[in-house]
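# Descriptive structure summary
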Amino acid sequence: MELVLIKCRVNVMQTTTMNTIVAIIVLGGAITLLVFLEARANEPKESPASNPAIVPTERTEDWWLERHRKINQRVAQGKVDLIFVGDSITQGWETNGKTLWQKYYTKRNAANLGISGDRTQHVLWRLDNGNIKGITPKVAVVMIGTNNCNKYGCPIEEISEGMVAVAKKLRNELPETKVLMLAVFPRGEKPNEFRDTVLEGSRQASRIADNKNVFYLDIGEHFVETDGTISKDVMPDGLHLTEKGYRIWAERMEPTLAKLLGE
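If you're wondering where the values come from, they're calculated on a predicted model, not measured in any experiment.

## Some thoughts on the pattern of salt bridges
If you walk through the whole model with that rule in mind, you get 10 salt bridges. Glutamate 243 serves as the salt-bridge partner of arginine 247, at 3.5 Å between the closest nitrogen and oxygen. In this pair, arginine 247 and glutamate 243 both sit in helix 8 (residues 243–260), four residues apart, roughly one turn of the helix. One network of salt bridges, in which partners are shared, links Arg59, Glu61, Asp118 and Arg126.

And the structure:
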């Protein structure tokens, strides 16, 4: 009987010891978890996802890379006093705007840095990768942002912040160059939401203009008829310019551009 009692006491002691050990392990785990959670809570919070319009982004299409390479080749030749930075509307100086380019800009040693379909983020990447390497132009004409719109909408902050980012990049990389930032041209045959949005985005971006190094010019109204429509003689697809459209651009910009070039 005494032996049985001793065994019971031993079993009870062993059980108690095991329970104590388990309790200690559980408590230790809980304390570790609390310390971990507190540390996580005190970690700096990650910033919200960046606006894609201000993140330099490369495009991978072969034709785009080839166009980018040719721009770099032109810039490497030097003798660049004026650059035009933008998308297909800027690239179009080489086609529908060719005659006007030759009249106004060839003699000014201008280089065309426009690539069709580009958004602000693509321009930022190009500026980081050779498009302005080794040059000190007097003026950079910037017209970019309309492609930041898409069929799902036209985020104003993408347009405005993207335009500002491009202007800042040019100022940082080319401190002796004056930046002439143009309001994004109106789009669509008739008044529409996209047209209103790109205009508002441009207006918000204009805050960066100090009229010393960065200048803002809105010539959009000159593409639009009194009834708010845009003639097919100017923009046959409601976006890209005809020769007449490029003439409007050149003539309306000329007084400001000549002044900035010191002519």
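Anyway, onward from the coordinates.
## Concerning the environment of histidine 122
Mapped onto the elements, histidine 122 comes out in helix 5 (residues 120–128). C-alpha of histidine 122 to C-alpha of alanine 53: the two residues are 69 residues apart in sequence and 8.4 Å apart in space. What histidine 122 contacts, discounting residues up to four positions off in sequence, is Thr57, Arg59, Trp64 and Gly117.

## A few points about the packing of aromatic side chains
Counting across every chain of the model gives 14 aromatic pairs. Considering the side-chain rings of tryptophan 93 and tyrosine 105, the 5.3 Å spacing of their centres and the 85° angle between planes classify their relative orientation as edge-to-face. Note that tryptophan 93 is positioned in the loop between helix 3 (88–91) and helix 4 (98–104) and tyrosine 105 in the loop between helix 4 and strand 2 (110–114), a separation of 12 residues in sequence. Like tyrosine 105, tryptophan 93 is buried. For the ring pair tryptophan 101 and tyrosine 105, a centre distance of 5.4 Å and an interplane angle of 65° mean the geometry is edge-to-face. The residues tryptophan 101 and tyrosine 105 share a single accessibility class, namely buried. Site record: aromatic cluster; members linked through ring pairs are Phe84, Trp93, Trp101, Tyr104, Tyr105, Phe185, Phe223, Tyr246 and Trp249.

## Things to note about the pairing of strand 4 (residues 178–182)
Most of strand 4 is tucked away, with four of its five residues classed as buried. Where strand 3 (residues 139–143) lies against strand 4, four bridges are found, and the strand directions are parallel. Within strand 4, the position partnered with valine 139 by the bridge is lysine 178. The sheet contact formed by strand 4 and strand 5 (residues 214–217) spans four bridges and is parallel. From the neighbouring strand, methionine 181 faces strand 5, where its bridge partner is tyrosine 216. Crossover handedness for the path strand 4 to helix 7 (residues 193–205) to strand 5: right-handed.

## Brief notes about the pairing of strand 3
Buried residues dominate strand 3, accounting for five of its five residues. Burial along strand 3 is two-sided: the face carrying Val139, Val141 and Met143 and the face carrying Ala140 and Val142 are both buried.

## Observations regarding the packing of helix 2 (residues 62–76) against helix 5
A pair of packed helices is characterised by two quantities: the angle between their axes and the separation of those axes. Between helix 2 and helix 5, the shortest axis-to-axis distance is 11 Å and the interhelical angle comes to 45°. In terms of orientation, helix 2 and helix 5 fall into the oblique class. In the crossing of helix 2 with helix 5, the sense of the turn from one axis to the other is right-handed. Contacts between helix 2 and helix 5 involve Trp64, His68 and Ile71 on the former and, on the latter, His122, Trp125 and Arg126. Considering only residue class, the contact of helix 2 with helix 5 consists of three nonpolar, two polar and one charged.

Rules used throughout
- Residues numbered from 1 in each chain as written.
- Predicted model: local features only at pLDDT ≥ 70, side-chain atom pairs only at ≥ 80, totals over all residues.
- Heavy atoms only, no water.
- Salt bridge = Lys/Arg side-chain N within 4 Å of Asp/Glu carboxyl O.
- Helix = DSSP H or I, 4+ residues; strand = E, 2+ residues; numbered from the N terminus.
- Contact = heavy atoms within 4.5 Å.
- Phe/Tyr/Trp six-rings, centres within 6.5 Å; stacked < 30°, edge-to-face > 60°.
- Buried < 20%, exposed > 50% of the residue type's maximum accessible area, 1.4 Å probe, protein only.
- Pairing = 2+ DSSP bridges.
- Right-handed = clockwise from strand over helix to strand, strands pointing away.
- Axes fitted to C-alpha atoms, helices over the stretch in contact; angles between N-to-C directions.
- Parallel < 35°, antiparallel > 145°, perpendicular 65-115°, else oblique.
- Left-handed = near helix turned anticlockwise from the far one by under 90°.
- Nonpolar A, V, L, I, M, F, W, Y, C, P; charged D, E, K, R; others polar.

Honestly, that's just the spatial picture; any functional story needs more than this.
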